[in-house]
Each structure stands twice: as structure tokens, then as C-alpha cells.
Amino acid sequence: MEKINYQLAPEYAHLEEWLRRLPEFFAHEGERFFKNRNEIRVFETNGIEINVKEFKIPNWFNRFSYVYLRGSKAKRSYQYARRFGNLGVPTPTAIGFVDCTRYGLLAKSYYASVHLHFDYTLREVLTFPKGTKDKIFREWVRFTYEKMHQNGIFHLDYSQGNTLITVVGNEYRFSIVDLNRMEFGPVTFHKGLRNFCRLGLDKATQHLVAKEYAEITNRDVNEAIQYIDRYHQKFDKSHRRWEQQKAFWRGLFKFGRGGK
């Protein structure tokens, strides 16, 4: 038996019926915006463009824990987006979330926000001419320190695709997405540098990030470079080990099914 739990931002109370019915029409209405592990579709209703992320059905343990222990990814995305808004940290405006449970376990979950039209992400910036790329990265590092770290926000998945960039005149405006994994609390200098380790940057850009962060925080540039290099090496090593483990279990599962 399926049950639906949802929460809606008070300012979007007029969308309650739409949100409640979202699981019924998500798969065959709206326009697909992105699909990989998760799927994002964009809908228009009541004159509002709404971006909806449907999260991949989790493993059995998380189907239990996301209901009884720590909340689904959709629920956390909504709660953290509301918190970002209260702190003045740019992120697409949260509308609500929907959790669908079956026999007490999470089946599907959806996070809805106002759709943001943006120009590119950091992933595209890495291909830009050096002068433009460096300028954007310097401004983004300052944004990260002033908006995120000084507000006690540590994004646990601060990767290339999770910063949206909108160009307004000569200004770059940043907006943070994929909010379901966060830590809140003091962000020290070293912890702040560690926040940049998931970006997969070339060495020159990696050092530019370290130098900019050191200058903003009035710390030693050489120390910053040493630490960011160390954090990148540790992350790369653990990431490779994780990929090897996934490949092993995938192969074992395939073997268990007779190689099909």
C-alpha cells in the first residue's frame, strides 16, 4: 500500500494539489531536462516554471533509513534550500517535496523548485580561455567563502556541475544546487580548502583556487597550495578505490546471474 508525504513552502500553497499529484504525472508530462542516475523534468503551471528532480530508488537500507532515520534526499533538498534562502545563499527557490512510501519503505521521492535559467556550470568554464576561466574561478572562490563557509555551510558534493552560473552584463551570478548532502557548522581554513577537492581541476586552476582562498582568508599561500594538493591526492585515491570496489561487486553480481 502506497502512502504520500509532502511538504509545500507556504508561499506556494496554491500549488498543493499539483504537488500532491506529482507522482501520478511526472513520467509522462513536462519536458525532460536531464536524466542519468536521477531524472529532472521541467513543468509549467500557474505561470511558474517548476524544476522537479526525481531521485533514483535507493538500496534497501536507505529505503528504510530515509523514512525513519534521516529523511529522503528530496526532503533534505527542500529543507536545506529553505535554510539557504534564510541565510541569503543563492539557490533555486524551493517549492516542496514529495515522498512515496510502500509498506513503510521509501519508493520514490521528488524535489520541486522554481526553474532557474542559467548560462553554464563550472564544468563548461574549465574549457574557457584562460583569462575568462581564471576570473570566474576567482569570483567563485570568493563566493564560496563569503556565502557558504562564513555561513557555516560545507557542501559535501561540491562538484563541477553543482554551481550554476548566470551572466548579467559583466557580472557572474552563482547559484548552488544538489543540496541533499550538507554539513552545517564552523568551516576552518583547512576544511574550506578540502571543499574544493571534488572538482577534478588541472594543477594550475587548483593552485589558483588555493591562492585565492589564502588571500581572502589572510593565510599563507604556500600552505594553501600544499594542503589543496594533499586533499586532491587523497580524494583521487579514495575515488579510484571506490570505483574498483563498485566494479568488483558489479562483476560478482553479473557472475552470480550466470554472466547475463
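Residues numbered from 1 in each chain as written. Predicted model: local features only at pLDDT ≥ 70, side-chain atom pairs only at ≥ 80, totals over all residues. Heavy atoms only, no water.

### Here's the deal with the overall build of the chain
Phase 1 of the analysis: Assigned secondary structure in the chain consists of 8 helices and 11 strands.
Phase 2 of the analysis: For a compact globule of 260 residues, the expected C-alpha radius of gyration is about 18 Å, and the chain comes in at 20 Å, within 12% of that figure.
Phase 3 of the analysis: Reported as C-alpha extents along the three principal axes, the dimensions of the chain are approximately 60 × 50 × 35 Å.
Phase 4 of the analysis: Counting across all 260 residues of the chain, residues that qualify as buried make up 47%.
Phase 5 of the analysis: Total accessible area computed for the chain in this model is approximately 14500 Å², and 49% of it derives from carbon and sulfur atoms.
Phase 6 of the analysis: Of the charged side chains in the chain, 43 are positive and 29 negative, and the gap between their average positions amounts to 9 Å. (Helix = DSSP H or I, 4+ residues; strand = E, 2+ residues; numbered from the N terminus. Rg over C-alpha atoms; globule rule 2.2 N^0.38 Å. Buried < 20%, exposed > 50% of the residue type's maximum accessible area, 1.4 Å probe, protein only. Areas by Shrake-Rupley, 256 points an atom, 1.4 Å probe, with all protein chains shown as cover. Lys, Arg positive; Asp, Glu negative; His and termini not counted. Charge placed at Lys NZ, Arg CZ, Asp CG, Glu CD.)

### Concerning the sheet that holds strand β10 (residues 171–176)
Phase 1 of the analysis: As summarised here, the arrangement of the 3 strands in space is β7-β9-β10, forming an open sheet in which the pairing is antiparallel. Whereas interior strands pair on both sides, the edge strands pair on one side only; in this sheet they are β7 (120–121) and β10.
Phase 2 of the analysis: Relative to strand β9 (residues 163–168), β7 runs antiparallel, the two being bridged by 2 bridges. In the sheet register, Thr121 faces β9, and the bridge partner there is Leu164.
Phase 3 of the analysis: Running over the sheet, helix α5 (residues 130–148) touches β7, β9 and β10 and is turned about 50° from β10. (Pairing = 2+ DSSP bridges. Contact = heavy atoms within 4.5 Å. Axes fitted to C-alpha atoms, helices over the stretch in contact; angles between N-to-C directions.)

### Observations regarding the nonpolar core
Phase 1 of the analysis: Counting residues in hydrophobic clusters, the biggest one holds 63 residues, and the most contacted among them are Leu22, Val52, Trp140 and Phe196.
Phase 2 of the analysis: In terms of residues, this core owes the most to one element, α5, which gives 7 residues.
Phase 3 of the analysis: For Leu22, the contacting residues outside a window of four places in its chain are Phe43, Val52, Val98 and Tyr110. (Core = buried A, V, L, I, M, F, W, Y, C linked by side-chain atoms within 4.5 Å.)

### Some thoughts on the pattern of salt bridges
Phase 1 of the analysis: In the structure shown here, the tally under the stated rule is 20 salt bridges.
Phase 2 of the analysis: Between Glu2 and Arg102 there is a salt bridge, and its shortest N-O distance comes to 2.7 Å. Highlighted residues: Glu2 in strand β1 (residues 2–8) and Arg102 in strand β5 (residues 94–102), separated in sequence by 100 residues.
Phase 3 of the analysis: Under the relative-accessibility criterion, Glu2 is labelled partly exposed at 41%.
Phase 4 of the analysis: For Arg138, the salt bridge goes to Glu212, with nearest N and O atoms at 3.9 Å. Of the two residues, Arg138 is situated in helix α5 and Glu212 in helix α7 (residues 203–217); the sequence distance between them amounts to 74 residues.
Phase 5 of the analysis: Classification of Arg138 by relative accessible area gives partly exposed; the value is 38%. (Salt bridge = Lys/Arg side-chain N within 4 Å of Asp/Glu carboxyl O.)

### Some thoughts on the side chain of Ser77
Phase 1 of the analysis: Summarising the element assignment, Ser77 is placed in helix α3 (residues 73–87).
Phase 2 of the analysis: A residue is classified by how much of its surface remains accessible, and Ser77, at 4% relative accessible area, is buried.
Phase 3 of the analysis: Among the polar contacts listed, one links the side chain of Ser77 to the backbone oxygen of Lys73, at a separation of 2.7 Å. (Polar contact = N/O pair within 3.5 Å; in protein donor to acceptor, adjacent residues only side chain to side chain.)

### Considerations on the packing of aromatic side chains
Phase 1 of the analysis: By the definition in use, this model includes 17 aromatic pairs.
Phase 2 of the analysis: Judged by centre distance (6.0 Å) and plane angle (25°), the ring pair of Phe189 and Tyr213 falls under stacked. Here Phe189 is found in helix α6 (residues 189–194), whereas its partner Tyr213 is found in helix α7, with 24 residues between them in sequence.
Phase 3 of the analysis: Since its relative accessible area comes to 1%, Tyr213 is described here as buried.
Phase 4 of the analysis: With 5.6 Å between their ring centres and 75° between their planes, Phe196 and Tyr213 make a pair best called edge-to-face. With Phe196 in the loop between α6 and α7 and Tyr213 in helix α7, this residue pair connects regions lying 17 residues apart in the sequence.
Phase 5 of the analysis: Judged by its relative accessible area of 0%, Phe196 falls in the buried class.
Phase 6 of the analysis: Through successive ring pairs, a cluster of aromatic residues spans Phe137, Trp140, Tyr145, Tyr158, Phe189, Phe196 and Tyr213.
Phase 7 of the analysis: Positioned above the aromatic ring of Trp60 is the side chain of Arg63, whose terminal nitrogen or guanidinium carbon lies 4.4 Å from the ring centre. (Phe/Tyr/Trp six-rings, centres within 6.5 Å; stacked < 30°, edge-to-face > 60°. Lys NZ or Arg CZ within 6 Å of the ring centre and 35° of its normal.)

### Regarding the environment of Leu193
Phase 1 of the analysis: One can find Leu193 in helix α6.
Phase 2 of the analysis: On the basis of relative accessible area, Leu193 is assigned to the buried category, the value being 0%.
Phase 3 of the analysis: It is 8.0 Å that separates the C-alpha atoms of Leu193 and Tyr231, two residues lying 38 residues apart in sequence.
Phase 4 of the analysis: Beyond its immediate chain neighbours, meaning those up to four positions away, Leu193 contacts Ala210, Tyr213, Ala224, Tyr227, Ile228 and Tyr231.

Functional significance is not addressed by these values, which are geometric in nature.
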